[in-house]
Amino acid sequence: MTTEPAGAAKALRPARTNATRQKLFDASMELIGERGAAGVTVDEIAAAAGVSKGTVYYNFGSKSELIAQLLRHGVDILKARLLAAADGGGPGRDPLLAMEAMIGQAMDFMAEYPSFARLWVSENWRIPSEWQGTFSVLRAELLDVIGQTVERVATAYPVDDSVSRGSLETAIFGACFVVGLDRQTYNPERTRDQSVAAIMAIMRGYVLKDAAPRG
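Quick caveat, the model's predicted, so the values are computed rather than measured.

Draft legend 1. Examining the overall build of the protein chain more closely. The helix and strand inventory of the protein chain stands at nine helices and zero strands. Starting at the N terminus, the α and β elements of the protein chain follow one another as α-α-α-α-α-α-α-α-α. For 215 residues, the compact-globule estimate of 2.2 N^0.38 gives 17 Å, and the protein chain sits close to it at 19 Å. When the backbone C-alpha atoms are referred to their principal axes, the protein chain occupies close to 60 × 40 × 35 Å.

Quick look at the structure:
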């Protein structure tokens, strides 16, 4: 397995239409959930999506590029939902509530696309990985969205300055994938709200005990 060049993620070619990309995403996630990325062929993905193999190669060039674009597509869906949740309620909204809404959206995304979460967790930390450059770019984008809300919390509340901001963002990011996937795989009886509360405990631990909002 070869490692994707560092700049490859920035050169990803978009699918001709979003509808085609969504069909390929849905079909691929179902197949990958059953057998993993390595065990799925372009022919199978094309057939499941109802498009020709030629259409796949025309839009993506290779199976590796297809998976990279599907990772991008999944992250675009998740990022849009996170940003909408963070911005909901207007500029005066308590940023802790914004973070809670974001985590809730992440749980909903994991429930809707558990195979994407499995692909992310299984491949993201594999070294070398065929999609290492892609993961690096996409991970940074998601961490940035989380980081913006963490910054709002730190502006609105007294917080524990001994906590590394980058580590906090990573903890929330990783917990969303792991807790969401664990719920889907091993603990389906666990509710969405219970999962959100568990992850929010990380964020609430960052805010100093009994601290009231500034201002």
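On we go from here.
Draft legend 2. Main features of the nonpolar core. One finds Leu24, Leu71, Phe116, Trp120, Ile172 and Met203 to be the most contacted residues of the largest nonpolar core, which totals 66 residues. Broken down by element, this core gets its largest block of residues, eleven residues, from helix H4 (residues 63–87). Excluding residues that lie within four positions of it along the chain, methionine 203 makes contacts with Leu96, Met99, Val150, Val153, Leu168 and Ile172.

Draft legend 3. Expanded view of helix H2 (residues 42–49). Within the span of H2, buried status applies to Val42, Ile45, Ala46 and Ala49. All buried residues of H2 lie within an arc of 95 degrees about the axis, which places them on one face of the element. On the buried face of H2, the contacting elements are helix H1 (18–35), helix H3 (53–60) and H4. Glycine 50 sits one or two residues past H2 and shows a positive phi near 75 degrees.

Draft legend 4. Here's a closer look at the pattern of salt bridges. Counted by the stated rule, this structure contains twelve salt bridges. A salt bridge links glutamate 151 to arginine 165; the nearest nitrogen and oxygen atoms lie 2.5 Å apart. Placement of glutamate 151 in helix H7 (residues 132–156) and of arginine 165 in helix H8 (residues 165–185) is noted, with a sequence separation of 14 residues between them. Assessed through its relative accessible area of 30%, arginine 165 is described here as partly exposed. Salt bridges sharing common partners tie together Arg72, Asp76, Lys79 and Glu141.

Draft legend 5. Layout of helix H5 (residues 95–112). Here H5 is 18 residues long and its end C-alpha atoms lie 26 Å apart, about the 26 Å a rise of 1.5 Å per residue gives. Considered for burial, the residues of H5 that qualify are Pro95, Leu96, Ala98, Met99, Met102, Ile103, Gly104, Ala106, Met107, Phe109 and Met110. On its buried face, H5 is in contact with H4, helix H6 (114–124), H7, H8 and helix H9 (192–206). Where H5 begins, the side chain of aspartate 94 points an oxygen toward the backbone nitrogen of leucine 96, at a separation of 2.9 Å.

Draft legend 6. Spotlight on the packing of aromatic side chains. Taken as a whole and assessed by the stated rule, the structure comprises nine aromatic pairs. Ring centres of phenylalanine 25 and phenylalanine 116 lie 6.0 Å apart, and the angle between their planes is 50 degrees; this geometry places the pair in the tilted category. Of this pair, phenylalanine 25 sits in helix H1 while phenylalanine 116 sits in helix H6; the two residues are 91 residues apart in sequence, bridging distant segments of the chain. For phenylalanine 25, a relative accessible area of 0% gives the class buried. When the ring of phenylalanine 109 is compared with that of tyrosine 113, the centres are 5.2 Å apart and the planes differ by 55 degrees; the resulting orientation is tilted. Looking at phenylalanine 109, the relative accessible area reads 0%, which means it is buried. On the accessibility criterion, tyrosine 113 (11% relative accessible area) is buried.

Quick notes on the rules
Residues numbered from 1 in each chain as written. Predicted model: local features only at pLDDT ≥ 70, side-chain atom pairs only at ≥ 80, totals over all residues. Heavy atoms only, no water. Helix = DSSP H or I, 4+ residues; strand = E, 2+ residues; numbered from the N terminus. Rg over C-alpha atoms; globule rule 2.2 N^0.38 Å. Core = buried A, V, L, I, M, F, W, Y, C linked by side-chain atoms within 4.5 Å. Buried < 20%, exposed > 50% of the residue type's maximum accessible area, 1.4 Å probe, protein only. Contact = heavy atoms within 4.5 Å. Arc of directions from axis to C-beta. Salt bridge = Lys/Arg side-chain N within 4 Å of Asp/Glu carboxyl O. Expected span 1.5 Å × (residues − 1). Polar contact = N/O pair within 3.5 Å; in protein donor to acceptor, adjacent residues only side chain to side chain. Phe/Tyr/Trp six-rings, centres within 6.5 Å; stacked < 30°, edge-to-face > 60°.

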